[in-house]
Amino acid sequence: MGKQALTTIFLLLITAASASAETEMADTMRSNGKIYVVVVVLATIFAGIFAYLIMLDRKIGKLEKENK
Amino acid sequence: MRSWGWKIICIILCMYVVVAGFLLPVPRLDILNETIRNLYFHVPMWFTMIVLFGAAFYYSIKYLRTGNLQDDIYAVQFTNTGIFFSILGMLTGMEWAQYTWGAAWSNDPKQLGTAMSMLIYFAYTILRSGLKDDEKKAKISAVYNVFAFAMMVPLIFVLPRMVDSLHPGNGGNPAFAKYDLDSDMRKVFYPAVAGWIMLGWWIATLKTRLALVRYKGENTLQFELEKKQTNG
């Protein structure tokens, strides 16, 4: 286990670390928590859509009962 | 007003996908970057479409066997909802392609195959609107629907896999399942597929129930009119 081996391992680790960081991702959005804003907005929209669907479902259920 | 259980599961799955789809880690891949998360939304559109068209195919065959117009209503509404999801899938796919493949439309075999099967299904609605007699309309469109489904399978599943395609899993391109779709993504992708299919099914059943109510209403009217005619 010479100095050379240690340096190669070290270099490999550095390249591995930098390679994973090279690909651009929305890391800043994640680190400052802004991603939660996106999630909240989407969750609100979906909650609204589902509330609407449930309403429709119940309305159609009533119609079905009336027509029986 | 049938069972609410699976609808609640559908809501939970879809809400989970919206939250976890953006918060759980995804593999860092060049070009795709964060857009890989579209996998949770774009791909389930097609799965939903296929399930809905499959249901329409089933009810078309059932109509041809029984001649019951209610089965025709099922087939129509499942097809219409399937078309809706195919349009969503196509639009999301074009938006995704614009930023990853460089163009919204690159004549990719899978894009072309899907566009062709979409046109086949558009023709189904046009065919229906062109026929006046209910029985004839139901019978002809049921036969057409069987052919449409039989065309969709090779156009979407077989032909794109035999030529070069930009889509993963086609023409030598690796599928997501091979290594891109890691265990983190599976945790969201499978619930996403299940959740979206259930959502599509829910919408389709709502439309079907409404159409059935209308059909029954119309038939009682017809029935009463016939009664009046025979009495008067």
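Residues numbered from 1 in each chain as written. Chains lettered and ligands numbered in written order. Predicted model: local features only at pLDDT ≥ 70, side-chain atom pairs only at ≥ 80, totals over all residues. Heavy atoms only, no water.

Looking only at helices and strands, chain A features three helices and zero strands. Ordering the α and β elements of chain A from the N terminus gives α-α-α. For chain A, the proportion of its 68 residues judged to be buried stands at 18%. Carbon and sulfur atoms make up 69% of the accessible area of chain A, which amounts to about 5300 Å² in all. (Helix = DSSP H or I, 4+ residues; strand = E, 2+ residues; numbered from the N terminus. Buried < 20%, exposed > 50% of the residue type's maximum accessible area, 1.4 Å probe, protein only. Areas by Shrake-Rupley, 256 points an atom, 1.4 Å probe, with all protein chains shown as cover.)

With that out of the way, let us pick up the interface of chain A and chain B. Note on interface size: it is often stated as the accessible area lost on association of the parts. With 25 residues of chain A at the contact, the number on the chain B side is 28 residues. When the two sides are added together, the surface that chain A and chain B hide from each other amounts to roughly 2600 Å², 73% of it contributed by carbon and sulfur. Our enumeration of links across chain A and chain B arrives at four salt bridges. Where chain A meets chain B, there are seven residue pairs in polar contact (both at pLDDT 80 or more). For the side of chain A that touches chain B, the residue count by class is 15 nonpolar, four polar and six charged. (Contact = heavy atoms within 4.5 Å. Buried area = accessible area lost by both parts, 1.4 Å probe. Salt bridge = Lys/Arg side-chain N within 4 Å of Asp/Glu carboxyl O. Polar contact = N/O pair within 3.5 Å; in protein donor to acceptor, adjacent residues only side chain to side chain. Nonpolar A, V, L, I, M, F, W, Y, C, P; charged D, E, K, R; others polar.)

Our next topic: the nonpolar core. Within soluble globular proteins, side chains that are nonpolar generally end up buried alongside one another. Judged by nonpolar contacts, the single largest core of 55 residues is most densely connected at Phe50 of chain A together with Tyr40, Trp196, Leu199 and Trp202 of chain B. Contributions of two or more residues to this core are made by helix H3 (35-67) of chain A together with helix H1 (5-23), helix H2 (42-66), helix H3 (69-100), helix H4 (109-130), helix H5 (134-162) and helix H7 (183-231) of chain B. In terms of residue count, H7 of chain B provides more of this core than any other element does, eleven residues in total. In contact with Trp202 of chain B, not counting residues within four places along its chain, are Phe50, Leu53, Ile54 and Asp57 of chain A together with Trp4, Trp6, Lys7, Cys10 and Ile11 of chain B. In this structure, Tyr63, Ala138, Ala142 and Tyr215 of chain B belong to the second largest nonpolar core, which totals eight residues. (Core = buried A, V, L, I, M, F, W, Y, C linked by side-chain atoms within 4.5 Å.)

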